[in-house]
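One letter stands for each residue in the lines below.
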Amino acid sequence: MNFFRGVMGGQAAGPQPSGAETIQKLCDRVASSTLLEDRRDAVRALKSLSKKYRMEVGTQAMDHLINILQTDRSDSEILGYALDTLYNIICNDEEEEQDENAQKQADDLGAQFTDKFIQDPEHITLLLTLLEEFDFHVRWPGVKLLTALLKNQGVQVQGIILVSPMGVSRLMDLLADSREVIRNDGLLLLQQLTKGNAAIQKIVAFENAFERLLDIITEEGSSDGGIVVEDCLLLLLNLLKNNSSNQNFFKEGSYIQRMKPWFEVGDDNAGWSAQKVTNLHLMLQLVRVMVSPVNSPGATASCQKSMYQCDLLQQLCTILMATGVPADILTETINTVSEVIRGSQVNQDYFASVNAPSNPPRPAIVVLLMSMVNERQPFVLRCAVLYCFQCFLYKNQKGQGEIVATLLPSTIDANSISAGQLLCGGLFSADSLSNWCAAVALAHALQDNLTQKEQLLRVQLATSLGKPPVSLLQQCTNILSQGDKIVRQGSKVQTRVGLLMLLCTWISNCPIAVTHFLHNQENVPFLTAQISENLGEDERLVQGLCALLLGICIYYNDNSLENYTKEKLKQLIEKRIGKENFVEKLGFITKHELYSRAAQKPQPVFPSPEQMLFDHEFTKLVKELEGVITKAVHKSTEEEKKEEEVKKTLEQHDNIVTQYKELIREQDAQIQELKEQVASMTSQNEQMQTTVTQQLSQIQQHKDQYNILKLKLGKENQSQSSSQGDGSQMNGLQTEELSQLREEVEELRKQHSLLQTQLGDKDALINTLKSGASQTADGPAGGSDNTELLQELEALRNQVQSQSTEITQLKTERQDLLRKAEAGSSDTAVPTSDGSLDGAKMAELEGRLTAQTSETQRLEEEVKRLSESRAELEQQLASSTSTVAILQTEKTKLQTEVQESKKEQDDLLMLLADQDQKIHNLKQRLKDLGETVEDEDDLDARDQTDDDDEEDEDED
């Protein structure tokens with residue numbers, strides 16, 4: 001034990017051993033001791049020496065320490081000492097007292113020991129296994145050691161952990177540890193683990209990392225939390241930045257909605273702590289990661305929509321308009337709002353409606369532009385406002401129109417400050433940075449918007465009292481070319497570059513603006529003079545932009561000005577400048593060192609105001625126009641004529657193709673209409689067939705009911721007759737006598753009716769004879785005929801009288817028979833003791849007979865009605881059958897017409913294919929001849945532009 005006392009600081013007799021010797025002895029003791037206590041004391045001693053003698057302990061003891069980790073797993077204390085010792089020799093502690101060389105040597109030493117440790121991947125696997133131990137003295141140093149290894153050799157360690165079974169999952173368990181020290185160091189470990197490795201980032205995300213981290217941020221107080229919140233945010237940034245899969249998982253998991261409470265700041269924003277500023281800055285960066293312009297457009301648009309729906313954008317705008325917010329947070333908030341609204345029409349419309357809490361309220365855009373053109377505001381804030389304005393106008397033609405409208409004479413309000421007034425004020429102020437920012441902002445109001453380019457030509461400016469107003473285009477060119485004071489302002493490169501970029505954007509793809517620009521006789525001489533001069537290095541960019549502006553005047557020239565046609569401008573370049581010199585000066589733009597930096601991303605980020613020269617959208621315009629302008633300048637008159645002829649030929653072919661396309665569209669519409677008619681008739685046919693089927697079933701039901709009624713009627717008649725027979729026998733009546741009496745009465749009735757008929761006929765004959773006698777009374781032979789007629793008439797009268805007498809006798813006999821029948825029934829009823837009862841039964845039977853007779857008549861009428869209904873249904877069935885036959889005929893006819901239309905369409909398509917092949921061959925021949933052949937869309941756009949130009953000229 002004397003040896004350990006010497007090592008631990010006790011006084012030992014004799015000369016003291018050196019540090020290397022002591023470490024060697026301790027290593028021997030670790031390797032050879034059989035008692036666990038001796039090995040533990042030796043490892044504790046190595047830990048105490050590991051910081052002072054880092055090199056010696058690392059070179060001599062590392063293998064022994066790793067062996068301890070493998071063999072002494074049962075003792076947590078010795079494991080903790082061994083892990084702490086390994087951490088001390090691998091970790092590169094940054095000490096303020098060390099100079100740069102010493103720190104570099106320490107870093108190299110840590111990297112060497114890390115390489116030695118990870119030579120065997122099993123060591124990392126062993127370390128991951130030890131992290132499963134719950135003992136604090138094992139788990140905490142293990143977390144720190146693995147973090148140090150990742151810092152020194154992150155890529156190699158990441159690869160080992162990635163292939164280790166459940167390696168990442170074991171590390172994710174650290175976030176659930178109840179001991180805050182281990183959880184917080186676990187956050188640092190995961191930060192190092194997820195740096196630059198998309199595969200590990202995905203695994204961590206799908207291990208429910210987002211849920212756990214957001215819970216920790218909420219528990220720690222969100223933006224008011226401490227360093228732990230900052231670590232969680234840094235880890236979230238690692239997981240989401242440039243990882244589309246995790247971004248989509250974050251959005252789909254509705255985690256964007258959980259970010260809204262982070263930005264709920266109160267009215268009293270004084271006294272923000274440095275940690276709160278850091279936390280909120282990271283939170284804003286996290287929002288920007290989700291809507292960054294470098295993400296896919298679909299993912300960005302989806303996140304922008306979610307941020308608007310959950311009121312996150314509204315919350316950011318509240319911070320934007322709040323007072324007392326630190327400048328760096330305000331700047332980052334402006335940048336964040338910019339990317340949340342960029343390219344999203346809904347978000348842009350909402351931002352346009354936001355008002356600042358001032359009296360009177362002003363739109364947020366106006367307040368931000370006031371900061372942009374104010375030279376006393378911080379440079380980064382002015383850049384952020386410019387970026388916000390650019391994002392507001394990006395793919396927002398409605399917003400562009402609103403901005404340009406504030407400059408037009410009809411909409412200017414003298415009592416309020418508008419965005420257009422601020423831009424004009426900045427454009428012509430004495431501050432070159434304001435000039436540049438205003439010019440770029442106004443150029444974005446015209447980007448890809450031909451209508452607003454033409455509208456801006458109407459803007460008139462009052463330069464001074466007593467002088468007529470000049471157009472905005474004229475004033476911009478005046479700044480470049482005329483006036484003592486204006487020249488002093490324009491001599492600044494930044495101002496001139498901004499104005500030239502505005503003019504290039506304005507007149508590109510707008511022949512009317514080109515004509516207005518060339519109408520000023522001083523513009524072309526100024527541009528040629530600037531291009532042809534040999535100026536210094538600083539002026540090269542201005543020369544290149546002047547060459548670009550002149551090239552745009554050639555390429556988009558409609559030859560409406562006789563003095564400045566395409567051909568005359570090219571001749572001017574050839575005489576005054578030279579084509580090769582012109583192309584060389586044009587190339588100065590893309591060769592500038594700041595051009596490539598601006599082309600990388602939309603956000604204007606510049607180290608200093610002097611380097612603020614290029615705009616991102618303008619670099620895209622230069623890339624698009626540089627090649628076509630070079631070709632346009634080098635083309636000869638003959639080549640242009642040939643190209644025009646080819647264009648005319650192509651236009652003719654395009655017209656033919658268009659006609660065929662329209663014909664095909666019409667035929668397609670007809671075919672579609674016929675198909676719809678066929679489908680409609682088919683459905684009607686099916687409905688009619690269904691109706692016929694239903695009617696047939698109803699007819700069958702009626703037949704069944706009719707048969708049932710017939711059966712019922714027959715049974716009731718049989719029962720009725722049997723009941724009547726029984727009743728007559730019961731009453732003692734003679735059925736035969738009653739039937740004979742009834743027959744005789746019926747016979748007398750018939751004879752009476754016959755006699756009445758004969759009597760009517762005789763009366764009619766008498767009347768006829770009387771009329772005939774009156775007509776022939778004056779004739780010569782009328783006397784003898786009259787006598788005969790009278791005799792016949794008298795005989796007829798006698799016959800009628802005898803018949804009347806006979807009728808009277810028959811009536812008398814009928815009455816006698818009836819009296820006899822009544823007397824017989826009364827005589828028969830007297831002897832019976834129940835005479836009254838029998839009379840009642842007889843009356844009841846007579847009543848039942850009457851009821852049955854009426855029921856029979858009703859049933860006959862029902863049968864008659866059913867027969868009529870059946871005849872009607874049969875008639876409807878015949879009509880439906882004829883309708884179905886007609887529909888089938890029409891369907892066959894329509895199918896024939898469809899086949900004929902398809903055949904005609906195929907013939908037209910073959911003809912169209914032949915025409916397209918001819919056009920393709922012509923275009924190929926032109927390309928072989930070195931000509932530039934424009935596509936159909938370009939020709940359509942040019943035709944549209946030419947038509948608009950002609951209409952505007954007519955109006956002028």
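Note: the structure precedes this text.
Residues numbered from 1 in each chain as written. Predicted model: local features only at pLDDT ≥ 70, side-chain atom pairs only at ≥ 80, totals over all residues. Heavy atoms only, no water.

Draft legend 1. Spotlight on the overall build of the protein chain. A tally of regular secondary structure across the protein chain gives 41 helices and 4 strands. Among the 956 residues that make up the protein chain, the fraction classed as buried is 42%. Long-range contacts, defined as pairs at least 24 residues apart, comprise 72% of the intrachain contacts of the protein chain with a sequence gap of at least 6. Of the roughly 51300 Å² of accessible surface on the protein chain, 49% is carried by carbon and sulfur atoms. (Helix = DSSP H or I, 4+ residues; strand = E, 2+ residues; numbered from the N terminus. Buried < 20%, exposed > 50% of the residue type's maximum accessible area, 1.4 Å probe, protein only. Contact = heavy atoms within 4.5 Å. Areas by Shrake-Rupley, 256 points an atom, 1.4 Å probe, with all protein chains shown as cover.)

Draft legend 2. Highlighting the packing of aromatic side chains. Counting across every chain of the model gives 12 aromatic pairs. An aromatic cluster is defined as three or more aromatic residues linked by ring pairs; in this entry it consists of Phe206, Phe210, Phe249, Phe250 and Tyr255. One Lys or Arg, Lys144, reaches over the ring of Trp140 and ends 4.0 Å from the middle of that ring. The residue whose ring lies beneath Arg342 is Tyr394, and the NZ or CZ to ring-centre distance is 3.8 Å. (Phe/Tyr/Trp six-rings, centres within 6.5 Å; stacked < 30°, edge-to-face > 60°. Lys NZ or Arg CZ within 6 Å of the ring centre and 35° of its normal.)

Draft legend 3. Here's a closer look at unusual backbone geometry. Cis geometry is adopted by the peptide bond preceding Pro360, which originates at Asn359 and carries an omega value of 0 degrees. Considering the arrangement of structural elements, one finds Pro360 in the loop between strand E1 (355–356) and strand E2 (362–363). Although it is not a glycine, Ser254 adopts a positive phi angle of roughly 60 degrees. Looking at the element boundaries, Ser254 is found in the loop between helix H14 (244–252) and helix H15 (274–290). Positive phi outside glycine occurs at Asp448, with the angle close to 55 degrees. In this structure Asp448 comes out as exposed when scored by relative accessible area, which is 65%.

Draft legend 4. The nonpolar core, seen in detail. Membership of the largest hydrophobic core comes to 209 residues, with the highest contact counts inside it found for Leu146, Leu171, Trp262, Phe263, Phe351, Trp506 and Leu548. It is helix H21 (residues 379–393) that provides the largest number of residues to this core, a total of 12 residues. Apart from residues no more than four positions distant in its own chain, Leu548 is found in contact with Cys504, Leu586, Ile589, Phe618, Val622, Leu625 and Ile629. If you look at the next biggest cluster of nonpolar residues, it comprises 8 residues, including Val646, Leu650, Leu912 and Leu926. (Core = buried A, V, L, I, M, F, W, Y, C linked by side-chain atoms within 4.5 Å.)

Draft legend 5. Spotlight on the state of the cysteines. Within the structure shown, the criterion is met by 0 disulfides. The closest cysteine sulfur to the non-disulfide-bonded Cys476 is located on Cys424, 8.2 Å from its own sulfur. Take Cys476: its relative accessible area is 0%, and that puts it in the buried class. (Disulfide = S-S within 2.5 Å.)

Draft legend 6. Broad picture of a nonpolar patch on the surface. Together, Leu162, Val163 and Ile203 make up an exposed nonpolar region whose accessible area comes to about 250 Å². Here Val163 is to be found in helix H9 (residues 154–163). With a relative accessible area of 68%, Val163 lands in the exposed category. (Patch = residues over 30% accessible without salt bridge, like charges linked within 9 Å, V, L, I, M, F, W, Y side chains within 5 Å. Salt bridge = Lys/Arg side-chain N within 4 Å of Asp/Glu carboxyl O.)

Draft legend 7. Spotlight on helix H2 (residues 19–32). The end-to-end C-alpha distance of H2, which contains 14 residues, comes to 20 Å, matching closely the 20 Å that a straight helix rising 1.5 Å per residue would cover. Of the residues making up H2, those classed as buried are Gly19, Thr22, Ile23, Leu26, Cys27 and Val30. Seen along its axis, H2 keeps its buried residues to an arc of 135 degrees; they face one direction. Opposite the packed face of H2, turned more than 90 degrees from it, sit the exposed residues Ala31 and Ser32. (Expected span 1.5 Å × (residues − 1). Arc of directions from axis to C-beta.)

Draft legend 8. Expanded view of the packing of helix H26 (residues 472–481) against helix H28 (residues 493–507). Packing of H26 against H28 leaves a shortest axis separation of 10 Å and a crossing angle of 145 degrees. Every pair of crossing elements has a handedness; the one defined by H26 and H28 is left-handed. Of H28, the residues touching H26 (which contributes Leu472, Leu473, Cys476, Thr477, Ile479 and Leu480) are Arg496, Leu499, Leu500, Leu502, Leu503 and Trp506. For the contact of H26 with H28, the class distribution of residues is 10 nonpolar, 1 polar and 1 charged. (Axes fitted to C-alpha atoms, helices over the stretch in contact; angles between N-to-C directions. Left-handed = near helix turned anticlockwise from the far one by under 90°. Nonpolar A, V, L, I, M, F, W, Y, C, P; charged D, E, K, R; others polar.)

Draft legend 9. Layout of the pattern of salt bridges. For the structure on display, the rule yields 21 salt bridges. Two residues, Glu211 and Arg258, come together in a salt bridge whose shortest N-O distance is 3.0 Å. A residue pair is termed long-range when its members are at least 10 positions apart, and Glu211 in helix H12 (residues 198–219) and Arg258 in the loop between H14 and H15 qualify at 47 residues. According to the relative accessible area criterion, Glu211 is partly exposed, its value standing at 27%.

Draft legend 10. Here's a closer look at a negative patch on the surface. A contiguous patch of negative charge, built from Glu900, Glu904, Asp906 and Asp907, is present on the exposed surface. Considering the arrangement of structural elements, one finds Glu900 in helix H40 (residues 835–928). Of the residues examined, Glu900 reaches a relative accessible area of 48% and is grouped as partly exposed. (Lys, Arg positive; Asp, Glu negative; His and termini not counted. Charge placed at Lys NZ, Arg CZ, Asp CG, Glu CD.)

Draft legend 11. Structural detail: H12. Taking the largest bend as the criterion, H12 deviates by roughly 65 degrees, centred on Asn208. Listed as buried for H12 are Ile200, Gln201, Val204, Ala205, Ala209, Phe210, Leu213, Leu214, Ile216 and Ile217. N-capping of H12 is provided by Asn197, with a side-chain oxygen placed 3.2 Å from the backbone N of Ala199. Directly beyond the C-terminal end of H12, a positive phi value near 105 degrees is found at Gly221. (Bend = angle between axes of the 7 residues up to and from the residue. Polar contact = N/O pair within 3.5 Å; in protein donor to acceptor, adjacent residues only side chain to side chain.)

Draft legend 12. Quick look at the environment of Leu887. Tracing the backbone through its elements, the reader meets Leu887 in helix H40. Owing to a relative accessible area of 12%, Leu887 belongs among the buried residues under this scheme. Separated by 203 residues in sequence, Leu887 and Gln684 have C-alpha atoms that sit 9.1 Å apart. Ignoring any residue separated from it by four or fewer positions in sequence, one finds Leu887 in contact with Met681, Asn685 and Met688.

Draft legend 13. Local environment of the environment of Leu549. As for its placement among the helices and strands, Leu549 is situated in helix H31 (residues 540–555). Judged by relative accessible area, which is 0%, Leu549 ranks as buried. Residues Leu549 and Met501, spaced 48 residues apart in sequence, show a C-alpha to C-alpha distance of 8.6 Å. Apart from the residues within four sequence positions on either side, Leu549 is in contact with Leu500, Leu503, Cys504, Ile507, Phe517 and Leu527.

Draft legend 14. Broad picture of the packing of helix H7 (residues 121–130) against helix H8 (residues 136–152). The geometry of H7 relative to H8 is characterised by a closest axis approach of 9 Å and an angle of 145 degrees between their N-to-C directions. When the axes of H7 and H8 are compared, the crossing they make is left-handed. Taken together, the residues of H8 that come into contact with H7 (itself represented by Ile124, Leu127, Leu128 and Leu130) are Val138, Gly142, Leu145, Leu146 and Leu149. Residues of the contact of H7 with H8, tallied by class, amount to 8 nonpolar, 1 polar and no charged.

Draft legend 15. Spatial organisation of the side chain of Thr114. When you line up the elements, Thr114 lands in helix H6 (residues 100–117). What makes Thr114 buried here is its relative accessible area of 0%. Reaching out from Thr114, the side chain makes a polar contact with the side chain of Asn152 at a distance of 2.9 Å. Leave out the neighbours within four places in its chain, and Thr114 touches Ile90, Leu149, Asn152 and Gln153.

Draft legend 16. Summary view of the environment of Leu499. Looking at where Leu499 falls in the secondary structure, it is placed in helix H28. Residue Leu499 is classed as buried on the basis of its relative accessible area of 2%. Put simply, Leu499 and Ala439 are 60 residues apart on the chain and 5.9 Å apart in space, counted from C-alpha to C-alpha. Among residues more than four places away in sequence, those in contact with Leu499 are Leu427, Ala439, Cys476, Ile479 and Leu480.

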